[in-house]
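The primary structure of each chain is shown beneath.
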Amino acid sequence: MTIAYHEPRTWDEALASLREHGDDAAVLAGGTAYTLLLRQGLIRPGDVVGLRRIPDAARIAADAHGGLSIGTMATHNAVVGSQTVRRTWPELADAASKVATVRVRNQATLGGSVAHADPASDAPVMLCALDAQVVVIGANGRRRVPVDELLVDTFTTSLAPDELIHSLEIPGRSPAARASYLKFTLRSVDDYATVSVAVLGEVIDGMLRGLRVYLGGVGPRPMRARAVESALDGQRAERIADAAALVRGEVDPIDDVRGTASYKREMSRVWTERALRSLLA
């Protein structure tokens, strides 16, 4: 099998290359997921469009509203080490630090992780909780899509074949905002999550407000626990255990090497409760 590799120097060139090669083209960001898929015979592209030569593709910057703009080619370790990220959302840096090994984090990119749409990935779960948006570019211009809406199923996004993820935008935080990301693995810390939980909320006078609760590894995409959010809105810590129990009905796990579906439902309850309590620590 012969694969033609293309290295555009601008976003316009990258989009033109996608249009030229159509469905036969694959986009390469960090390449960690691409390599695995290629070895397993799950993809057979005739053309690969690499983004590493585009000058601003890995840019990390604060925006005018106190939020973050992170280029699609920013690696997980770049996010971990970015003082800009740590000043605004250190919880995102913490989530990125839990991805696999140092070697993988040095190569794998934040935008690539979102585009890959693996439901057990770490960063997309945290990005959903933070209400992050993806800046998508294509032949019809630029659009913004919440990460929660971009991820529609296992390894499936709402991106059109001729669209690219340009960057990710995370809103600024309010003074009372707190967030947390917890990951449970059965075998080693660098494994995929059996269950992961990302939470965001405000703590005002000891009460929880505006919660966003997402879980990874227990469904075909990051699963939002809306019943948990509703049960705790305006409540104090004594309601957390009862509210966390509701998560069992909001996840859709499968039996696999990381546990049975019933085990994952119970671990979802345990780790949701822990994540929620961490907001009040």
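Please refer to the structure placed before this passage.
Residues numbered from 1 in each chain as written. Predicted model: local features only at pLDDT ≥ 70, side-chain atom pairs only at ≥ 80, totals over all residues. Heavy atoms only, no water.

Enquirer: It is not clear to me how the pattern of salt bridges should be interpreted in this structure. Could you clarify?
Expert: Side chains carrying opposite charge are able to pair once their charged atoms draw close together. Here the structure, examined in full by the defined rule, presents 17 salt bridges. We note a salt bridge from arginine 173 to glutamate 91, for which the minimum N-O separation is 3.0 Å. Of this pair, arginine 173 sits in the loop between strand 10 (164-170) and strand 11 (177-184) while glutamate 91 sits in helix 5 (residues 90-97), and the two are 82 residues apart along the sequence. Between arginine 277 and glutamate 273 there is a salt bridge, and its shortest N-O distance comes to 3.1 Å. On the criterion of helical spacing, the pair formed by arginine 277 and glutamate 273 is a turn pair, its members being four residues apart in helix 12 (residues 261-278). (Salt bridge = Lys/Arg side-chain N within 4 Å of Asp/Glu carboxyl O. Helix = DSSP H or I, 4+ residues; strand = E, 2+ residues; numbered from the N terminus.)

Enquirer: Just checking my understanding: could you explain the packing of aromatic side chains for this structure?
Expert: The geometry of an aromatic ring pair is captured by two quantities: the separation of the ring centres and the angle between the planes. The final tally for this structure, using the stated rule, is two aromatic pairs. Judged by centre distance (6.5 Å) and plane angle (55°), the rings of phenylalanine 184 and tyrosine 263 are tilted. Linking phenylalanine 184 in strand 11 with tyrosine 263 in helix 12, this pair joins segments that are 79 residues apart in sequence. Under the relative-accessibility criterion, phenylalanine 184 is labelled buried at 14%. Seen from their ring centres, phenylalanine 184 and tryptophan 271 are 5.4 Å apart, and the 20° between their planes marks the pair as stacked. On the criterion of sequence distance, the pair formed by phenylalanine 184 in strand 11 and tryptophan 271 in helix 12 is long-range, its members being 87 residues apart. Residue phenylalanine 184 shares its accessibility class with tryptophan 271, and that shared class is buried. Among the aromatic side chains, those forming a connected cluster through ring pairs are Phe184, Tyr263 and Trp271. Over the ring of tryptophan 271 we find arginine 274; its NZ or CZ atom is 4.6 Å from the centre of that ring. (Phe/Tyr/Trp six-rings, centres within 6.5 Å; stacked < 30°, edge-to-face > 60°. Buried < 20%, exposed > 50% of the residue type's maximum accessible area, 1.4 Å probe, protein only. Lys NZ or Arg CZ within 6 Å of the ring centre and 35° of its normal.)

Enquirer: Would you explain the sheet that holds strand 10 in this entry?
Expert: Neighbouring strands of a sheet are bound in pairs by backbone hydrogen bonds; such pairs are parallel or else antiparallel. Spatially, 4-5-10-6-7 is the arrangement adopted by the five strands of the open sheet, whose pairing is antiparallel. With partners counted over all chains shown, the strands left at the sheet margins are strand 4 (60-62) and strand 7 (141-146), one partner each. Here the strands of the sheet are splayed against their neighbours by 25° on average, with no regard to which way each runs. The strands touched by helix 1 (residues 11-21) are strand 6 (133-138) and strand 10; relative to strand 10, the strand with the most contacts, the crossing angle is about 130°. (Pairing = 2+ DSSP bridges. Axes fitted to C-alpha atoms, helices over the stretch in contact; angles between N-to-C directions. Contact = heavy atoms within 4.5 Å.)

Enquirer: How should the side chain of threonine 272 be read in this particular structure?
Expert: Tracing the backbone through its elements, the reader meets threonine 272 in helix 12. The class for threonine 272 is buried, based on a relative accessible area of 0%. Ignoring anything within four residues of it in the chain, the contact list for threonine 272 reads Val197, Val213, Leu215, Val228, Ala244 and Val247.

Enquirer: Looking at this structure, I do not really get the pairing of strand 13 (residues 207-216). What am I missing?
Expert: Each regular strand displays side chains that alternate between the two surfaces of the sheet. Counting buried residues along strand 13, seven of its ten residues qualify, which places the element largely inside the surrounding structure. Here strand 12 (residues 195-204) runs beside strand 13; their pairing, made up of eight bridges, is antiparallel. Across the sheet, leucine 200 pairs through a bridge with arginine 212, a residue of strand 13. Between strand 12 and the antiparallel strand that follows it, strand 13, lie two residues; aspartate 205 among them carries a positive phi value of about 55°. When strand 13 meets strand 14 (residues 223-224), the two strands line up antiparallel, connected through two bridges. Across the sheet, the residue bridging to tyrosine 214 is arginine 224, located in strand 14. Once strand 13 ends, the chain turns through six residues before running back antiparallel as strand 14, passing glycine 217 with a positive phi of about 80°.

Enquirer: Would you take a moment to explain unusual backbone geometry for this structure?
Expert: Peptide bonds are trans in most cases, and residues, glycine excluded, mostly fall at negative phi. Positive phi outside glycine occurs at alanine 117, with the angle close to 60°. Structurally, the position occupied by alanine 117 is in the loop between helix 7 (110-116) and helix 8 (123-129). The exposure class of alanine 117 is buried, given its relative accessible area of 6%. The backbone phi angle of aspartate 131 is positive, close to 60°, even though this residue is not glycine. The residue aspartate 131 is located in the loop between helix 8 and strand 6 in this model. We classify aspartate 131 as partly exposed; its relative accessible area is 37%.

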